[in-house]
Structures are given as C-alpha cells and as structure tokens.
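Overview (structure and organization)
Chain by chain, the residues:
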Amino acid sequence: MSKKDFKVAIVGAGVCGVACAIMLAQQGVDVEIFESTSRFGEIGAGIGLGPNSIRILKDLGVFDDVFKQSGEEDLNMVAYRYISGMEGHELFYDYPLLEEQDRGLGIARSSLLDGLVKHIDPSLVHFNKRCTDVTQSPDNVGRSILHFQDGSHAEADLVIGADGIKSKVRSVAFGSTSNATFSNTVAYRGLVSYDKLKDAGIGTDLSGGIVCFIGKDKHIITYPIRGGKVINVVAFVTVGEVLKGEALPRSSWVVPATTKELSTDYEGWGRDVSILISQLSDVNKWSIHVIHPPMKSYVHGRTALIGDAAHAMFTHLGAGAGQGLEDGYLLARLLSHPATNASNLTAVLQTYDEIRRPRAQDVWERSYNSGEATEGRGPHGYSPEGIRMDVADMFSPVWHHDLSEDIDIAKRQLHDRGAF
Ligand SMILES: Cc1cc2nc3c(=O)[nH]c(=O)nc-3n(C[C@H](O)[C@H](O)[C@H](O)COP(=O)(O)OP(=O)(O)OC[C@H]3O[C@@H](n4cnc5c(N)ncnc54)[C@H](O)[C@@H]3O)c2cc1C
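Residues numbered from 1 in each chain as written. Predicted model: local features only at pLDDT ≥ 70, side-chain atom pairs only at ≥ 80, totals over all residues. Heavy atoms only, no water.

Helix and strand counts for the protein chain stand at 14 helices and 19 strands. Compactness check: the protein chain gives a C-alpha radius of gyration of 22 Å against a globular reference of 22 Å for 420 residues, within 12% of the reference. By principal-axis analysis of the C-alpha atoms, the protein chain measures approximately 70 × 45 × 40 Å. Relative to its 420 residues, the protein chain shows a buried fraction of 56%. In the protein chain, of all internal contacts separated by at least 6 residues, the share reaching a separation of at least 24 is 75%. By element, 49% of the accessible surface of the protein chain is carried by carbon and sulfur atoms, the whole surface being about 17,100 Å². (Helix = DSSP H or I, 4+ residues; strand = E, 2+ residues; numbered from the N terminus. Rg over C-alpha atoms; globule rule 2.2 N^0.38 Å. Buried < 20%, exposed > 50% of the residue type's maximum accessible area, 1.4 Å probe, protein only. Contact = heavy atoms within 4.5 Å. Areas by Shrake-Rupley, 256 points an atom, 1.4 Å probe, with all protein chains shown as cover.)

See below:
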C-alpha cells in the first residue's frame, strides 16, 4: 500500500535505477522500473565502489548481499598505487589510506547487480520495455505517459531517467543540447586470471587494491575481483587533446579488440605491462564518452535524470556509479519525506537539481583532472613529483562528502520555499 499520492516510473534497471527503486519501495513509495533488455544484466567487467558508495549500500541494507556476491573476505580496495608503466616500474605515489573507512570494494559488475536485485520485488520491474518517448497526459494534468517500443504505455506522476549515457529520457523530455561526447580516449577492457599473470612472471603485486601504471597519454588500471582470483584491467589510450582534439574514427562505442592491437599501443612500456597485455583475453575497446557540455538542469518539469543519464563522467576516479548512487539516494530520501506529496513534487525536484548538480559536476571535473594528471598532462607535468602533486587529495572530496548534510540542506530549502 503506497504511502504517497503519486507514482514514480524509473526508466533503466542499471545500478543507479535499481538502487533508487529499492530505496523508494522500502519507504513505501509506489515505484516501477521499465528496462529495455529482457533481464537484469551487466557487462563482464569489474567496477570499483568507493567509500561513499559503500555508505549508501549499507544505509539501504543491501551491502551484505553485495559483499557476499563479491567473493571477497574484506573490503579489498584502497586508492591508487601510481607506478611507472616503463621498465623498472618505479613507484611514483602511493595514495595514503587516511582512514580505515576509506576502503572500497572491487567487484564484478554482474555480482553488484545480483546483490542489489535480491532487494527488489520482481513485480516492480518490467523488462523488454524500451522507452521511446515521454509525453504529458492529456487527461491527467501533471502526469506523464511513457511510450515503449512494443506499443505499450505507462503513466506516472514522476519519471526518473536512469537510462544511461545514451538516455532517451534526456533527449525526449529535455530536448537537451548537452550530450554524449567522445573524449578522445579509448579504453581496452579485459579480465585475466591472477595465477596466469604470476605464472608468466609478473613482478608487481596486483593483489592489494588499485594499481595505476602511468605513462604519457596512456595509463592502465588494474584491481582484483572475485576474491583476488581475477584481475580487472582497463588500458587507456588518448589521442590528441581530451574533448578538444580530433575525434578518432569509430563506428561503434564498443568493439572487439586484440591483444596485438593493445601491445602496439603500449610498445616500449615495461615488462609487467607486456605480461599483463599478453595474458588478456576477450578484450573490448571502448570509446569513452562523457556528458559534455554539462546539463543546465537534471530536472525538467516532473522528470529527473540520475546517474550516467545526467552526468556520465571520465572513468579516471572510479566514481561514476557512486555519483549515480548519490543522486538516487538523495532523490529517494526527498520523495519519501513525509511532507512530499503530488502538489509539491516540482519543488522537490528543483531542490534535487540544485543540490546534486554542483556536486556531481565537481566530481566530473575531478575525473577529468585525474585523467590529465595520470597521463602526464596535469599542471605539474609528467614526473614522479609532478604526478604526486597533481593527484594528491584527488579522492578525498569524492569519498568524504556528507550526503546527510545535503539532505538537511535540501529539507531546509524546501521549508524556506514553503514547499515543506
Ligand atoms: C571503462 C569504464 C570503467 C568504469 N569504472 C567505474 C568504477 O570503477 N567505479 C564507478 O563508480 N564507475 C565506473 N564507471 C562508470 C559506471 O560504469 C557508470 O557510471 C554506471 O554504470 C552508470 O549506471 P547507470 O545505472 O546510470 O547507467 P547504466 O549502467 O548505463 O544503466 C542504464 C540502464 O538503462 C537501460 N536503458 C537504456 N536505454 C533505455 C530505454 N530507452 N528504455 C529503457 N531502458 C533503457 C539499459 O539497458 C541499462 O540497463 C566506469 C565506466 C566505464 C566506461
């Protein structure tokens, strides 16, 4: 039985849409999810959850199930160890673990989603529902109609677009000029057995969290998943100026790639990088896109965007999903507040936008700066000292942000506006 006089429709059952739905349902808000694919699914790669993401998952009461799925015995992730990608693999900088709570979790994406979906009532999720349009209901003022590719419709008082970087909700409901833009960086992604790497003689210890092999205009991130048995590898190559240079020709955002192609890009790098590349299988090449220029608002009328649909960012801080979780958390907390009802939804959404947009955009910019620093284009240049200066304190503001303080500010704003 819904505690509210309004109904929420979420488009997209990725990590951010599902987490937001869990929280709304827990709080007694009438919510449904519409997903284009035929089942819950994630790509076969890893994802790093920072301490800010973990706090949210714990608050939702879903963390234990996510952690169980990870196969880890403990939180396995600390911030980056920056190591030269060149022969000798000199340690450039070991990002300090300031607090024990700064540990994160490296987890297979599918395991994260599996842990989350245990907490959602299956009857709330509708698969094979590709949203093609969102229009205003001619009969019910303020209500939206979602149109799906199969010809069916659904009606809701509030639509949340959690449909990823290519968001249809963003394009149809916002008519937005802020769009997915190619960054001029590609990422080769693959998984490899850690035993295989050790057998091949890798010297760098990859078991203790995130390793970042750095070099000019390229870098490789590794971290363990599946109880340390598997190493997640993402190798970045930037051509030209990030976001400003000449775009690489590309037919599709994700294409299969070969280790030969990757070795050519990383020719001249050190021994451990060669070993890492030679042992990879099933490599895909991703053209990294980001939302740029930034959205002027995450809200249009009674439609809101969360996650990559609102602010897909560079992958260089491992923070994108965390920002989507923060969006969903704040939005769900406001929507489920006892003072929220159909008559003040627009004000609640405006407040969501005003609080979340500056925060997510700050992390977006940090994710850009992190890539620039790591690939030797930061203000202090490509040297151990330069990198140290440019990456110092990079993660702390992302991880230590006080979301409960944001919720208090939002409530005060709504009170001052007369909405609460
Ligand atoms: C190489 C790489 C590495 C990354 N590493 C990290 C990391 O370590 N840590 C981190 O926090 N983030 C990381 N990110 C970012 C992270 O992957 C994203 O921020 C996160 O997955 C976004 O989740 P989402 O739910 O917003 O969107 P998505 O995961 O894209 O989910 C969108 C969902 O909407 C569905 N959908 C799409 N269109 C429609 C439609 N029209 N109708 C209905 N459904 C639709 C899709 O099928 C999908 O299920 C990385 C990204 C990349 C590319």
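A few words now on the sheet that holds strand 2 (residues 30–34). Spatially, 7-2-1-11-19-18 is the arrangement adopted by the six strands of the open sheet, whose pairing is mixed. Taken across any chain shown, the strands that pair with only one partner, and hence form the sheet edges, are strand 7 (125–126) and strand 18 (299–300). In this sheet, strand 19 (residues 303–305) lies alongside strand 18 in antiparallel orientation, the contact comprising two bridges. Residue pairing in the sheet places His300 in a bridge with Thr303 of strand 19. Where helix 1 (residues 15–26) meets the sheet, its contacts fall on strand 1 (7–11), strand 2 and strand 11 (158–161), and the angle it forms with strand 2 comes to roughly 160°. (Pairing = 2+ DSSP bridges. Axes fitted to C-alpha atoms, helices over the stretch in contact; angles between N-to-C directions.)

Our next topic: the side chain of Asn184. Within the secondary structure, Asn184 sits in strand 12 (residues 179–193). Given a relative accessible area of 2%, Asn184 falls into the buried group. Looking at Asn184, its side chain comes within polar contact range of the main-chain oxygen of Glu241, at 3.1 Å. (Polar contact = N/O pair within 3.5 Å; in protein donor to acceptor, adjacent residues only side chain to side chain.)

Take the site of the ligand next. By nearness alone, 30 residues border the ligand, and Glu35, Gly48, Arg109, Cys131 and Asp308 come closest of all. One nitrogen or oxygen atom from the main chain of Gly318 is found 3.1 Å from a nitrogen atom belonging to the ligand. Backbone polar atom of Gly320 to an oxygen atom of the ligand: 3.4 Å apart, as the coordinates give it. Across the complex, the protein chains shield 84% of the 1,000 Å² of accessible surface that the ligand would expose by itself. Elements with a contribution of two residues or more to the shell around the ligand: helix 1, strand 3 (46–49) and helix 10 (320–335). Per-element accounting of the shell around the ligand gives the leading share, three residues, to helix 10. (Near = heavy atom within 4 Å.)

Moving on to empty space enclosed by the protein. Scanning the entire structure with this criterion turns up two cavities of 30 Å³ or more. In this structure, the largest cavity encloses a volume near 50 Å³. Forming the walls of the largest cavity are Gly48, Leu49, Gly50, Asn52, Ser53, Leu317, Gly318, Ala319, Ala321, Gly322, Val398 and Trp399. Of all the secondary-structure elements, those providing two or more residues to the lining of the largest cavity are strand 3, helix 2 (51–60), helix 10 and helix 13 (396–399). Here the lining of the largest cavity is composed, by residue class, of six nonpolar, six polar and no charged. (1 Å grid on protein atoms, 1.4 Å probe; cavity = no way out; pocket = protein on both sides within 12 Å on 5 of 7 lines; lining within 4 Å. Points joined across faces, edges and corners; volume = space filled by probe spheres on them. Nonpolar A, V, L, I, M, F, W, Y, C, P; charged D, E, K, R; others polar.)

This brings us to the sheet that holds strand 5 (residues 91–94). With mixed pairing, the eight strands of this open sheet are ordered in space as 5-4-13-14-15-12-17-16. A single partner strand is all that each edge strand has here, and the edge strands are strand 5 and strand 16 (254–257). In this sheet, adjacent strand axes meet at a mean angle of 25° when their direction is disregarded. The pairing of strand 4 (residues 81–84) with strand 13 (residues 211–215) spans four bridges and is classified as parallel. Across the sheet, the residue bridging to Tyr82 is Cys212, located in strand 13.

Split by domain assignment, the protein chain resolves into domain 1 (7–77 + 104–179 + 292–416) and domain 2 (181–291). In this structure, domain 1 and domain 2 have C-alpha centres spaced 26 Å apart. Domain 1 puts 42 residues into the contact, and the matching count from domain 2 is 32 residues. Both faces combined, the contact of domain 1 with domain 2 buries some 2,800 Å², and carbon together with sulfur accounts for 62% of it. Where domain 1 meets domain 2, there are one salt bridge. We note a salt bridge from Arg377 to Asp217, for which the minimum N-O separation is 2.8 Å. Taken together, domain 1 and domain 2 are joined by 14 residue pairs in polar contact (both at pLDDT 80 or more). Looking at the side of domain 1 that touches domain 2, the elements with two or more residues in it are strand 3, strand 6 (105–108), helix 4 (109–117), helix 9 (308–311) and helix 11 (345–374). For the side of domain 1 that touches domain 2, the class distribution of residues is 18 nonpolar, 16 polar and eight charged. (Domains from an automatic or database assignment. Buried area = accessible area lost by both parts, 1.4 Å probe. Salt bridge = Lys/Arg side-chain N within 4 Å of Asp/Glu carboxyl O.)

Between helix 10 and helix 11, the shortest axis-to-axis distance is 10 Å and the interhelical angle comes to 160°. Our classification of the angle between helix 10 and helix 11 gives roughly antiparallel. The handedness of the crossing between helix 10 and helix 11 comes out as right-handed. For the pair helix 10 and helix 11, the contacting residues are Gln323, Glu326, Asp327, Leu330, Leu331, Leu334 and Leu335 in the first and Leu345, Val348, Leu349, Thr351, Tyr352, Ile355, Arg356, Arg359, Ala360 and Val363 in the second. When the residues that make up the contact of helix 10 with helix 11 are grouped by side-chain class, the tally is eleven nonpolar, two polar and four charged. (Parallel < 35°, antiparallel > 145°, perpendicular 65-115°, else oblique. Left-handed = near helix turned anticlockwise from the far one by under 90°.)

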